[in-house]
Amino acid sequence: SAVISQKPSRDICQRGTSLTIQCQVDSQVTMMFWYRQQPGQSLTLIATANQGSEATYESGFVIDKFPISRPNLTFSTLTVSNMSPEDSSIYLCSVDLGEETQYFGPGTRLLVL
Amino acid sequence: QKEVEQNSGPLSVPEGAIASLNCTYSDRGSQSFFWYRQYSGKSPELIMSIYSNGDKEDGRFTAQLNKASQYVSLLIRDSQPSDSATYLCAVFNTGGFKTIFGAGTRLFVKA
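Since we're looking at a predicted model, the values are computed, not measured. (Residues numbered from 1 in each chain as written. Chains lettered and ligands numbered in written order. Predicted model: local features only at pLDDT ≥ 70, side-chain atom pairs only at ≥ 80, totals over all residues. Heavy atoms only, no water.)

Caption draft 1: How the structure looks around the pattern of salt bridges. Residue and element names in this part refer to chain A. What the rule picks out here adds up to five salt bridges over all chains. A salt bridge links Asp87 to Lys65, with the shortest nitrogen-to-oxygen separation between them at 2.6 Å. Placement of Asp87 in the loop between β8 (75-80) and β9 (89-96) and of Lys65 in the loop between β6 (56-57) and β7 (68-72) is noted, with a sequence separation of 22 residues between them. Asp87 gets classed as buried once you look at its relative accessible area, which sits at 5%. (Salt bridge = Lys/Arg side-chain N within 4 Å of Asp/Glu carboxyl O. Helix = DSSP H or I, 4+ residues; strand = E, 2+ residues; numbered from the N terminus. Buried < 20%, exposed > 50% of the residue type's maximum accessible area, 1.4 Å probe, protein only.)

Right, here's the structure in full:
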């Protein structure tokens, strides 16, 4: 497995503001992913963070709302822009360590007021 | 039809019993299957992966895969209260080249 950290672990934000979430892995990985998990729900893939190119977004998620950076093979950021209460959720990064097996970071708990 | 379906539960079993969690998937070409455990307030933790038809055992956990029936299950033997969690079934979708997660089954193990 890998050691994955996320910052911040939780935050309370005002609507209309933006929050950038960081994900750091202790080894180089090709595939990194960002998920959202709303209360009582399962995981929804937001995008795949590609190193050296633009992220690949899933249906319903757009770059203007969720810009992603992937400057190297151990780090990625997800920004939640112009937040509304509907963005209140847990945001999780994950990495693929081979054989399509994903390991998750501890998550960022976001509350938008 | 959802791509990965699980009974949401809750599934309640007494301590020491076998808990059986089931999952069906729609992508017939899927080759990789996973079970994750998620405690309340925590992130998902990988328990088992399975790639071939049949059973795969790891301690008290056994994953079973039947590709012809598009069915994956997880058996937990000698269930403990500490096994109480939500169990997520995940399937790697070869068409979209991404992992699809089921909604999860909540398991309660009663002491």
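After presenting the structure, the write-up continues.
Caption draft 2: Region of interest: the sheet that holds β8(A). All names here are of chain A. Reading across from one edge, β1-β3-β8-β7 is the order of the four strands in this open sheet, with antiparallel pairing throughout. Every other strand in the sheet has two partners, leaving β1 (4-7) and β7 as the edge strands with one partner each. When the angles between neighbouring strand axes are averaged without regard to direction, this sheet yields 15°. The sheet contact formed by β7 and β8 spans three bridges and is antiparallel. (Pairing = 2+ DSSP bridges. Axes fitted to C-alpha atoms, helices over the stretch in contact; angles between N-to-C directions.)

Caption draft 3: Layout of the environment of A:Trp34. Residue and element names in this part refer to chain A. With respect to the element layout, Trp34 can be found in strand β4 (residues 31-37). A relative accessible area of 0% means that Trp34 is categorised as buried. In this structure, the C-alpha to C-alpha distance between Trp34 and Ile21, residues 13 residues apart in sequence, is 10 Å. Here the side chain of Trp34 touches Ser76 through a polar contact of 3.0 Å, side chain to side chain. (Polar contact = N/O pair within 3.5 Å; in protein donor to acceptor, adjacent residues only side chain to side chain.)

Caption draft 4: Representation of the sheet that holds strand β6 (residues 54-58) of chain B. Residues and elements named next belong to chain B. With respect to topology, five strands assemble into an open sheet ordered β1-β3-β8-β7-β6, the strand pairing being antiparallel. The sheet terminates laterally at β1 (4-6) and β6, the two strands that pair on one side only. Neighbour-to-neighbour, the strand axes of the sheet open up by a mean angle of 20°, direction not taken into account.

Caption draft 5: Just the pairing of β9(A), in detail. Residues and elements named next belong to chain A. Summarising burial for β9: seven of the eight residues are buried, a large majority. Bridging between β4 and β9 involves seven bridges; their strand directions are antiparallel. Across the sheet, Arg36 pairs through a bridge with Tyr91, a residue of β9. In the sheet, β9 pairs with strand β11 (residues 108-112) via three bridges, with the strands oriented antiparallel. Among the inter-strand pairings, Ile90 is bridged to a residue of β11, identified as Arg109. As paired strands, β9 and strand β10 (residues 102-104) are joined by three bridges and run antiparallel to one another. Bridge pairing in β10 links Ser94 to Phe104.

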